[in-house]
Every structure is written in C-alpha cells, then in structure tokens.
Amino acid sequence: MRSKLLAITGAAAIATSMVFVAALPAQANCGDNASAFCETDESDEEVNDGEIVRLEINDWRDAAFDLPYSRPLLIVHPFDGEYLAVADNNFSGNLDWVNWDESVISIWSEKGVRIVARRREKSCSFFSCRTNVTWYETNKLDVKVGDTVFSLEGSNGNFVLTDEQKHFLATAPAGPAIIRISFEGMGNEVINDIGENTVDAWRTVYGQTGSSQADVVETVDENSN
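Right, let's walk through the structure included here. (Residues numbered from 1 in each chain as written. Predicted model: local features only at pLDDT ≥ 70, side-chain atom pairs only at ≥ 80, totals over all residues. Heavy atoms only, no water.)

### With respect to the overall build of the protein
Move 1: Along the backbone of the protein there are 2 helices and 14 strands.
Move 2: Of the contacts made within the protein by residues no fewer than 6 positions apart, 60% connect residues no fewer than 24 positions apart.
Move 3: Of the roughly 11,400 Å² that the protein leaves accessible, carbon and sulfur atoms contribute 47%. (Helix = DSSP H or I, 4+ residues; strand = E, 2+ residues; numbered from the N terminus. Contact = heavy atoms within 4.5 Å. Areas by Shrake-Rupley, 256 points an atom, 1.4 Å probe, with all protein chains shown as cover.)

### Some thoughts on unusual backbone geometry
Move 1: One non-glycine residue, S70, lies in positive phi territory at about 60°.
Move 2: If you trace the backbone, S70 turns up in the loop between strand 3 (52-56) and strand 4 (73-77).
Move 3: The phi torsion at N99 lies on the positive side, around 70°, for a residue other than glycine.
Move 4: Tracing the backbone shows N99 in the loop between strand 5 (81-94) and strand 6 (100-109).
Move 5: We classify N99 as partly exposed; its relative accessible area is 34%. (Buried < 20%, exposed > 50% of the residue type's maximum accessible area, 1.4 Å probe, protein only.)

### Describing the pairing of strand 12 (residues 177-183)
Move 1: Residues of strand 12 alternate between two faces, with A177, I179, I181 and F183 buried on one and I178, R180 and S182 left unburied on the opposite face.
Move 2: Across 6 bridges, the pairing between strand 9 (residues 138-145) and strand 12 is antiparallel. Across the sheet, V143 pairs through a bridge with I179, a residue of strand 12.
Move 3: Here strand 12 runs beside strand 13 (residues 189-194); their pairing, made up of 6 bridges, is antiparallel. The residue bridging I181 from the neighbouring strand is V190, located in strand 13. (Pairing = 2+ DSSP bridges.)

### Observations concerning the sheet that holds strand 12
Move 1: Strand order across the open sheet formed by 4 strands is 10-9-12-13, with antiparallel pairing between neighbours. The two strands at the open ends of the sheet, each matched to only one other strand, are strand 10 (148-153) and strand 13. The sheet shows a mean angle of 20° between the axes of neighbouring strands, taken without regard to direction.
Move 2: The strands touched by helix 1 (residues 163-170) are strand 9 and strand 10; relative to strand 10, the strand with the most contacts, the crossing angle is about 135°.
Move 3: Sitting on the sheet, helix 2 (residues 196-207) touches strand 9, strand 12 and strand 13, and the angle it makes with strand 13 is about 75°. (Axes fitted to C-alpha atoms, helices over the stretch in contact; angles between N-to-C directions.)

### Remarks on the pairing of strand 10
Move 1: Note that strand 9 and strand 10 share 6 bridges and pair antiparallel. Looking at strand 10, one finds that V143 is bridged to F150.

### Quick look at the state of the cysteines
Move 1: Under the criterion given, the structure shown has 1 disulfide.
Move 2: Here C124 connects covalently by a disulfide to C129, the sulfurs 1.9 Å from one another. With the S-S bond torsion at 105°, the cross-link from C124 to C129 turns out right-handed.
Move 3: Taking relative accessible area as the criterion, C124 reaches 46% and is therefore assigned partly exposed. (Disulfide = S-S within 2.5 Å.)

Below, the structure written as structure tokens:
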C-alpha cells in the first residue's frame, strides 16, 4: 500500500554548511538537564501517521527549525533533486518567556546525516529587543541503537552513511535511539535522544527508494492564506 503524499511548497532554509558566527555562550546548568546541549530526553515529536510530506527547499538556512519532525519527508532541492528524509529535534528554553532557547536538530536522509545546532539569546532595552544567534559546528557523530554503536566523521555537520549503515537504520528495532555529538570549541560531548517516531520513520527513509514514492494527493502552499 503506497504512502499518501502531502505537498508543501514554500521558502525554507538552512545553509548546507553551518557557520560559527559568535562566541560560545555560557552553558546552562546540565545538572537538571536544562539545556539541549546537555544530556536530554526532551524531543519535539509529531505523530507519524505514515504520510510523506513534500517540501521544496532552496536554502537550508532556517528550514530545519520549521520542519515537520519525526515523520517521513520528501525533500525537493534544485541541486540535489528529490530524496527522502526525517528530522528529529531536541530543544530547551523559550525565547519569548526566558529569553533564550537551544536546539539540536538531526536530519536523516538518503544523502546522509546533517546536524544543525544553535543557541539564541534575547536582550531587551526599554525601546527594543535584540536576538543574538550562535551556530555550532560538529565533525564527529556517534549513533547508538540498542547495543549497537557506529561512529561517523564528517564536515560542517554533514555525515555520509554507508549502504550497511543505511540498512542498519532501515531495520532498527522499535524504540528510541541516542546520538553523541562533539561540538567544536565546547570541550564536552552532547548526548541527545532520537524519538521513537523518528526511528520508525527510518524504515521509510532508508527502506524505500525514490521510484516507490507515492503520488501527490494534496498540495498546500505555505505562503498562501
């Protein structure tokens, strides 16, 4: 039975390589898992109902922070063409309420794995507010599913998967997984959970080829009212 495919058209955004644009901020207290850059199980997951969402992306600068998380996506890119992916988001803080937030997003696709991480801090005067954004770079990633661990080395947050690793993810047992990330300049490792729905979506992303992608049944334009 073919998956239903929703088409979403709209500007999206995050650069293929992450740029480190500011000095590293003071880290939040890791003793109570208050930070996305500490060990955390706080994950932004959506219900994976088997539908594949179609996204047209021209620039990755901000796209990873506005994706449907933990469900299969069909990415349409002007250079890379069409490919399947799923995004997982670990986050903490709230820019509006506590004046800071942090996100570590992993994007799992046929192209490989992309890690996008940022911290935003807002400072306000009497008349206006200013938000400072810090991007984090990583070249090392460890993936643990059950008792199996494999390590990846990449560049600018981009990691290539072998065919054997893709097969392993496609047949991963149900349940959550974890990743360990080493961010440059931070001097410590970050461990984030990968949600059960993301693990479930791996079966679609790494077990389904482009030729088996479903027909578009509905088109939604993100820029339309």
